[in-house]
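Inside the fold
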Amino acid sequence: MDTAALEERFQARIDADERIEPKDWMPDGYRRALIRQMAQHAHSEIVGMLPEGNWITRAPTLKRKAILMAKVQDEGGHGAYLYGATETLGVTRAALIEELLAGSAKYSSIFNYPTPTWADIGAIGWLVDGAAIMNQIPLCRCSYGPYARAMVRICKEESFHQRQGYDIMLALARGTEAQRRMAQGALDRWWWPALMMFGPPDAESKHSAQSMRWKVKRFTNDELRERFIEFTVPQAEYLGLSIPQGTIDWNEFHEVLRGNGPCNRERLEARRRAHQNGGWVREAALAYAEKHRSGYREAVQ
Amino acid sequence: MTESRDWPLYEVFIRARGGLDHKHVGSLHAVDARMAIEHARDLYTRRQEGISIWVVRSEEIVASDPADADAFFEPARDKVYRHPTFYDIPDEVKTL
Ligand SMILES: [Fe+2]
Ligand SMILES: [Fe+2]
């Protein structure tokens, strides 16, 4: 069969809502687009551990600390699921991580903002995980099987992230005047970056149309953004906090994407350092396993 | 940062509850089977999603070829008489 015929059959399968699996024929463009999107998604989960991770030692109570550790651990898990799903497309995780560390791969711009107060951890859970859920739920029906299945698993875990964030905001909003102000400050800081998580306006979104045709994407950036606002505004009202007035500064969005956000350098540096410092562990574990190959199987039997 | 040698890939199968089959849940990298099982516990059963884990090196899995699926599964297609609904049994006949 020639490529045109294969492509036609591929699109017919997509139109019939069939799932595409790793060994099925797929157009190069589809494969490349998925690798790009899924790797960016995986990187975002991993880099996303950093802004919250830096509050684990300073969480106000033991309960909050245990919860935050569980959440950050989940995000590491999400990264692992997604790297695994991306590898089914014929790339290696090692190569993807190299691209991230070299600064040539993108991740969500939201993680380049700082977390100066404990309320920022509440705002991240509520708004950032909330926006992520809005983006991710339609991906559970994405045409690529391994991506869709990873997203089902991830979405099951995300709900806890959003609720623990709102719970932090609730405690602060019901607290002292200083705590309420801290909560409002965090909402002010995270509101616009959270809205930017849905990506550029539809008119400027260069990958959207093809992505919709391939059923990788099912709603446009603006549709999802609107729905998020609709859900979130009453939640802010319940907290007695006010949503900032104004419009999205797309200039800021593009600057952060270009690497000029408040924490871009710091985040990548932290990842590089962690990767370098863990290098000897990865090497040693592999050397040990090679020396004792199949030892475990024999021990079990 | 130039290393591109990763730990081997394992596929993970989990039995969610007694009485159920092990089901494929995803993959992970580990240096050996013992580490794969421990990592699978940390990665795939953080909320008590399983009571038993199998792991197997991904490269050990042999799969049928999706490109040949039509021809490969064709022999079963015209054998509708293998299904109970193929047979018309009069209403008067019970418990059959
Ligand atoms: Fe996540
Ligand atoms: Fe999350």
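Structure's up top.
Note that the structure is predicted; figures quoted are calculated from it, not measured.

**Regarding helix α6 (residues 118–136) of chain A**
- The end-to-end C-alpha distance of α6 of chain A is 26 Å, a good match for the 27 Å that 19 residues give at a rise of 1.5 Å each.
- If you check the start of α6 of chain A, you find a side-chain oxygen 3.2 Å away from the backbone N of Ala 119 of chain A, and it comes from Thr 117 of chain A.

**Examining the pattern of salt bridges**
Residue and element names in this part refer to chain A.
- Considering all chains together, one arrives at 24 salt bridges over all chains under this definition.
- Glu 18 is the partner of Arg 13 in a salt bridge, and the nearest nitrogen-oxygen pair spans 2.8 Å.
- Note that Glu 177 is salt-bridged to Arg 181, the shortest N-O span being 3.7 Å. Taken together, the residues Glu 177 and Arg 181, both in helix α8 (residues 177–196) and four residues apart, mark about one turn of the helix.
- One network of salt bridges, in which partners are shared, links Glu 52, Lys 71, Glu 75 and Asp 129.

**Details of the coordination of the iron ion (ligand 2)**
- Within the protein, Glu 75 of chain A (OE), Asp 129 of chain A (OD), Glu 158 of chain A (OE), Glu 158 of chain A (OE) and His 161 of chain A (ND1) serve as the donor atoms for the iron ion (ligand 2), at 2.0 to 2.8 Å.
- Donor residues for the iron ion (ligand 2), ordered by position in the chain, follow E-x53-D-x28-E-x2-H.

**What to know about the state of the cysteines**
- Counted by the stated rule, this structure contains zero disulfides over all chains.
- Among the cysteines around Cys 155 of chain A, which has no disulfide bond, Cys 140 of chain A carries the closest sulfur, lying 3.6 Å off.

**Describing unusual backbone geometry**
- Located in the positive-phi region is Lys 215 of chain A, a residue other than glycine, with phi close to 55°.
- Tracing the sequence through the fold places Lys 215 of chain A in the loop between α9 (208–213) and α10 (221–239).
- Backbone geometry places Thr 95 of chain B, a non-glycine residue, at a positive phi of 50°.
- Mapping Thr 95 of chain B onto the fold places it in the segment after α2 (69–72).

**Overview of the coordination of the iron ion (ligand 1)**
Residue and element names in this part refer to chain A.
- At this site the iron ion (ligand 1) is bound by Glu 45 (OE), Glu 75 (OE), His 78 (ND1) and Glu 158 (OE), with donor distances of 2.1 to 2.3 Å.
- Sequence spacing of the donor residues for the iron ion (ligand 1), all on one chain, is E-x29-E-x2-H-x79-E.
- A distance of 3.3 Å spans the gap from the iron ion (ligand 1) to the iron ion (ligand 2), which Glu 75 bridges by coordinating each metal. Of this pair, His 78 sits in helix α4 (residues 62–87) while Glu 158 sits in helix α7 (residues 145–173); the two residues are 80 residues apart in sequence, bridging distant segments of the chain.
- Judged by relative accessible area, which is 0%, His 78 ranks as buried.
- With a relative accessible area of 1%, Glu 158 lands in the buried category.

Calculation rules
- Residues numbered from 1 in each chain as written.
- Chains lettered and ligands numbered in written order.
- Predicted model: local features only at pLDDT ≥ 70, side-chain atom pairs only at ≥ 80, totals over all residues.
- Heavy atoms only, no water.
- Helix = DSSP H or I, 4+ residues; strand = E, 2+ residues; numbered from the N terminus.
- Expected span 1.5 Å × (residues − 1).
- Polar contact = N/O pair within 3.5 Å; in protein donor to acceptor, adjacent residues only side chain to side chain.
- Salt bridge = Lys/Arg side-chain N within 4 Å of Asp/Glu carboxyl O.
- Donors = N, O, S within 2.8 Å, 3.2 Å for Na, K, Ca; no water.
- Disulfide = S-S within 2.5 Å.
- Buried < 20%, exposed > 50% of the residue type's maximum accessible area, 1.4 Å probe, protein only.

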